[in-house]
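Below, each chain spelled out in residue letters.
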Amino acid sequence: MASDPSTVNLLDVELDITGMTCASCAGRIERKLNKLPGVEASVNYATEKARVRAPEGMDPEQFLETVKAAGYSAVIPAPIQERDENDNASPKSSDDDWASQLLHRLLVSTALAVPVVLMSMIPALQFTYWQWLALTLTAPVVVWGAWPFHRAAAVNLRHGAATMDTLISLGVIAAFGWSLYALFFGGAGEAGMHMTMTFFGTPHGGSSEIYLEVAAAVTVFILLGKYIEARASRESGAALRALLELGAKDAAVLRGGVEQRVAVSSLVVGDHVVVRPGEKIASDGLVIEGNSAVDASMLTGESVPVEVGPDDRVTGATLNVGGRLVIEITRVGRDTELARLGRMVEEAQTGKADIQRLADRVSAIFVPVVLGLAVVAFVGWMIAGGPIELAFTAAVTTLVIACPCALGLATPTALLVGTGRGSQLGILISGPQVLEQTRSVDTIVLDKTGTVTTGEMRLSSIDVLEGENEELVLARAAAVEAGSEHPVGRAVVTAAEDRGLTLPAVTDFAAHAGTGVQATIDGTVVFVGKPSWLTADHQQLVSDAALTLVEKAEAAGSTAMVIAWEGQARGVLVVGDTIKASSADAIAEFTRLGLRPVLLTGDNAGAAASVASAVGITDVHAGITPQGKLDVIRQLQAEGRVVAMVGDGVNDSAALAAADLGIAMGGGTDAAIAASDITVVSGDLMVVADAVRLAKRTLGIIRGNLFWAFAYNVAALPIAMLGLLNPLIAGAAMAFSSVFVVTNSLRLRGFKSSVRSER
């Protein structure tokens, strides 16, 4: 039993584990770690990580030794803030090497296996002594191609366990071993030998038959599945790498009144850093000089850039889009908001429930049973007085008929067809582990900015006051704003350009940070900015009607500016984030699918309420921090909800990782995409519903494949044990089950999108 955390200080350690080949490996390591006094451990096969909680003062080396004693390797990774670019690359390189090795084995094994299968199954290709060429081609596949399975089976055997790798290894070796026996001692090596296509024959017929094609084909099929799995698992650290790459790489530090470019890692608290327009803020700090607008949407979800000036706090990795700033650094390294967010993603990923492969769960029973049946068949025939050839044939055929050829195809083929169809619809599924998360999702949490809305500042409306011309007002406002670098000003200019308006020439342009801009047009000074600035500083009359329009816009979370000249306001321009055209239909589709929509945003309550009302969402959480988003996800899960999270920003990445199903919009950040399970490339919220339906449909196909893959083999087991099964039927049965699995998977190509304009 673990110690009560309320009475003992706990040590929280994360381990990176290598050598796991299936979910049962993770379970074995977890059981070993939990046997240590006071330890609570959770091992995640999907991310190859373990989280260990133990009494403070316990030596973490004990955890490493325990994992090593279980037959695996473990290291304690460096803290996220201490990982330099080389460290970040190392895990990725290791994963890439493993995937590359598997791909190399797969390609070479396939090239060697294809002619073996063709010669074995097509009598016209069986020339004199063809069987010896087949043996020459099969040997490297069985020894070198299947080596990862033999090695894993040996590790499991050393610890008294049997997994699917055990059955794969035994099946391949049995098929190859029996073929060697038949070739050298059973007459199969003679000139003129041909493979027969009879499925049932005399019990003694097996000694003159070979099934090298079985050994070669099984190896190729299983290598294919392992390669696909390796490609998915190597992305497990991508979210953290994307987060770290988001920050600035260097900074301009003021030292002795002179600017010096230094690496961000060398910054210390108290440094003064200069940040120009278009540059990222190097680290968390306090503005001591200058005024500007800072785009913090990637971290906070705020759709409108935030005005900052002296004494305002700013966050590292946010973008300065306005004027020059001088910032005093207040937090560096592990204490920054970006590093904290990175730790949240890491913890959320590690805390996911263990992924239990369906085939591995069944193999826990299936593998020992098959091994036992093979022994029973051999011993039974010997006791009955049968010849040793017959006993050996029955035992080996029992193993071969149970060898999981179709099991190796069940997941990869459905995944390949499903993801292929998904890519046509703009849906990317990261791997088979994702599918199990979809079957009971009942709540879908949506980020606002960039997900339900476009995430781009646009002129949403222009209201001119009585007697004014709309085109004149917009043209003058755009002409004045053309000299501004502010995103709100650029939105006005873009709107005028879209209408094809000709902008008048301006002179004497001046920008007043955080309040407005002014310029002279044809001798008239035109002001665009906040009502208070117009009235207090420039004696421009802003009518009650204009103020009402401003208040209405700001209540909805938009930014409103008043344009005035010659002493009075002429119009109100409203700029804000716009709702995607498909969002309302998508929310309706979620409801039809039985999903409860929830809006979650870091934006203000007015903006959130306005968007939620427009698209039909009643459950809204506004002003939420990244930590708050994670807390909401966990709270919903604590209530028994199975949660899908849809987002696109770095601020969503921890919530995406913690959700039962994370869905990232393709236009979002690399960190969000890497932390998610499914990516919607098009950014169309309507396609998210398709993603959920496709994932569920693919999972259903995989389950059907697994059932029939076992059913075909299990049905033939009694025949094999009775010695009535010609060795060739083992390959034929598996080929038939494989054809069924592939055909069943191809049904996914007919999956229809709910998007009306499907291409």
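No experiment lies behind these values; they were computed from the predicted model shown.

1. Focus on the overall build of the chain
From N to C terminus, the chain includes 26 helices and 26 strands. Across the chain, every contact between residues at least 6 apart in sequence was considered, and the portion connecting residues at least 24 apart equals 71%. When the accessible surface of the chain is summed, it comes to about 31,300 Å², and 57% of that surface belongs to carbon and sulfur atoms.

2. Observations concerning the pattern of salt bridges
Inspection of every chain in the model, using the stated rule, returns 16 salt bridges. Of the charged contacts, one joins K629 and D447 as a salt bridge, the two residues approaching to 3.1 Å between their closest N and O atoms. Note that K629 is positioned in helix α22 (residues 626-638) and D447 in strand β15 (residues 443-447), a separation of 182 residues in sequence. Given the relative accessible area of 2%, D447 is considered buried. Across the pair R570 and E566 runs a salt bridge, and its minimum N-O distance is 3.7 Å. A residue is classified by how much of its surface remains accessible, and R570, at 10% relative accessible area, is buried. Overall, the relative accessible area of 60% leaves E566 in the exposed class. What you see here is one network of salt bridges that share partners, running through D12, E14 and R51.

3. So, a nonpolar patch on the surface
Where nonpolar side chains cluster on the molecular surface, the patch consists of V114, L118, M121, I122 and L125 and spans about 370 Å² of accessible area. Along the chain, L125 turns up in the loop between α3 (85-121) and α4 (130-145).

4. Looking at the environment of L373
Note on placement: L373 falls in helix α11 (residues 358-383). Each C-alpha atom of the pair L373 and P718 lies 9.2 Å from the other, and the pair is 345 residues apart in sequence.

5. Quick notes on the sheet that holds strand β12 (residues 319-320)
Within the open sheet, the three strands sit side by side as β10-β9-β12. Their pairing is antiparallel. Since the sheet does not close on itself, it has two edges, and those belong to β10 (306-308) and β12, each with one partner. Where strand β9 (residues 292-295) lies against β10, three bridges are found, and the strand directions are antiparallel. When the sheet's bridge partners are listed, S292 is paired in β10 with V308.

6. Points about the sheet that holds strand β8 (residues 285-289)
The six strands lie next to each other as β6-β5-β7-β13-β8-β11, forming an open sheet whose pairing is antiparallel. Looking at the sheet topology across the chains shown, the edges are occupied by β6 (258-263) and β11 (313-314). Relative to strand β13 (residues 325-329), strand β7 (residues 272-275) runs antiparallel, the two sharing four bridges. Paired with V275 across the strands is L325, a residue of β13.

7. Considering the UniProt feature "transmembrane region" (unreviewed entry) in the chain
Mapped onto this numbering, the UniProt entry annotates "transmembrane region" (unreviewed entry) at residues 102-123, 129-147, 167-188, 208-228, 362-384, 390-417, 706-722 and 728-746. Helix makes up 82% of residues 167-188 and strand 0%, with an end-to-end C-alpha separation of 26 Å.

8. Points about helix α21 (residues 605-615)
Every buried residue of α21 is listed here: G606, A607, A608, V611, A612 and V615. G616 lies just past α21 and shows a positive phi near 95°.

9. Overview of unusual backbone geometry
Positive phi outside glycine occurs at D508, with the angle close to 55°. Assignment of secondary structure puts D508 in strand β17 (residues 507-512). Residue D508 is classed as exposed on the basis of its relative accessible area, which comes to 59%. At E566, a position not held by glycine, the phi torsion is positive, near 50°.

10. Details of the pairing of strand β1 (residues 10-18)
In terms of strand pairing, β1 meets strand β3 (residues 49-55) through seven bridges, oriented antiparallel. Across the sheet, the residue bridging to V13 is V52, located in β3. Sheet topology places β1 next to strand β4 (residues 73-75); three bridges connect them, and they run antiparallel. The residue of β4 that forms the bridge with I17 is A74.

11. Quick look at the side chain of T219
Topologically, T219 is positioned in helix α7 (residues 212-233). Given a relative accessible area of 0%, T219 falls into the buried group. Sequence-distant contacts of T219, defined by excluding residues within four places in its chain, comprise V141, G145, A146, F149 and V172.

12. Re the side chain of T443
Mapped onto the secondary structure, T443 falls in strand β15. Overall, T443 belongs to the buried group, its relative accessible area being 0%. Beyond its immediate chain neighbours, meaning those up to four positions away, T443 contacts L595, R596, V598, L636, R641, V642, V643 and A644.

13. Re the confidence of the model for the chain
For the chain, the mean per-residue pLDDT works out to 79, and 79% of the residues sit at or above 70. Per-residue pLDDT, averaged within each element of the chain, yields its smallest value for helix α8 (residues 238-246) (61) and its largest for α4 (95). Counting interchain partners and residues more than four positions distant, the pLDDT-below-50 stretch residues 198-205 has 13 contacts. Taken together, the stretch residues 351-357 has pLDDT below 50 and engages in 24 contacts with residues farther than four places along the chain or on a different chain.

14. Notes on the nonpolar core
Counting 44 residues, the largest nonpolar core has W130, V172, I210 and L212 as its most contacted members. Apart from the residues lying within four places of it in its own chain, the contact partners of W130 are M119, S120, M193, H194, M195 and I210. Listed in part, the 34 residues of the second largest apolar core include I427, V441, I617 and V646.

15. Some thoughts on the packing of aromatic side chains
A ring pair, where both rings are aromatic, is described by two values, the distance of the centres and the angle of the planes. The full count for this structure, using the stated rule, is four aromatic pairs. Arranged with centres 5.3 Å apart and planes meeting at 75°, the rings of W132 and F184 form a pair that is edge-to-face. Remark: F184 occurs in helix α6 (residues 164-184) and W132 occurs in helix α4; sequence separation between them is 52 residues. Taking the relative accessible area as the measure of exposure, W132 reaches 26% and is therefore partly exposed. The class for F184 is exposed, based on a relative accessible area of 53%. Measuring from centroid to centroid gives 6.0 Å for Y181 and F185, while their planes differ by 40°, and the two rings are tilted. Under the relative-accessibility criterion, Y181 is labelled partly exposed at 23%. We classify F185 as exposed; its relative accessible area is 64%. Put simply, the rings of W178, Y181 and F185 pair up and form one aromatic cluster. The ring of W565 carries the charged tip of R476 above its face, separated from the ring centre by 4.6 Å.

16. What about the packing of helix α16 (residues 470-481) against helix α17 (residues 487-498)?
The interhelical angle for the contact between α16 and α17, taken along N-to-C directions, is 135°, at an axis separation of 8 Å. Taken together, the axes of α16 and α17 are oblique relative to one another. Crossing handedness for the pair α16 and α17: left-handed. For the pair α16 and α17, contact is made by L474, A477, A478 and E481 and by G489, V492, V493, A495 and A496, respectively. Here the residues of the contact of α16 with α17 sort into seven nonpolar, one polar and one charged.

17. Observations regarding helix α20 (residues 583-592)
Where α20 is concerned, the buried positions are S583, A586, I587, E589 and F590. The arc that holds every buried residue of α20, seen down its axis, measures 160°, which confines them to one face. Phi turns positive, to about 85°, at G594, one or two residues after α20.

Rules used in this analysis
Residues numbered from 1 in each chain as written. Predicted model: local features only at pLDDT ≥ 70, side-chain atom pairs only at ≥ 80, totals over all residues. Heavy atoms only, no water. Helix = DSSP H or I, 4+ residues; strand = E, 2+ residues; numbered from the N terminus. Contact = heavy atoms within 4.5 Å. Areas by Shrake-Rupley, 256 points an atom, 1.4 Å probe, with all protein chains shown as cover. Salt bridge = Lys/Arg side-chain N within 4 Å of Asp/Glu carboxyl O. Buried < 20%, exposed > 50% of the residue type's maximum accessible area, 1.4 Å probe, protein only. Patch = residues over 30% accessible without salt bridge, like charges linked within 9 Å, V, L, I, M, F, W, Y side chains within 5 Å. Pairing = 2+ DSSP bridges. UniProt positions renumbered as here; feature names shortened; annotations may be inferred. pLDDT = per-residue confidence, 0-100. Core = buried A, V, L, I, M, F, W, Y, C linked by side-chain atoms within 4.5 Å. Phe/Tyr/Trp six-rings, centres within 6.5 Å; stacked < 30°, edge-to-face > 60°. Lys NZ or Arg CZ within 6 Å of the ring centre and 35° of its normal. Axes fitted to C-alpha atoms, helices over the stretch in contact; angles between N-to-C directions. Parallel < 35°, antiparallel > 145°, perpendicular 65-115°, else oblique. Left-handed = near helix turned anticlockwise from the far one by under 90°. Nonpolar A, V, L, I, M, F, W, Y, C, P; charged D, E, K, R; others polar. Arc of directions from axis to C-beta.

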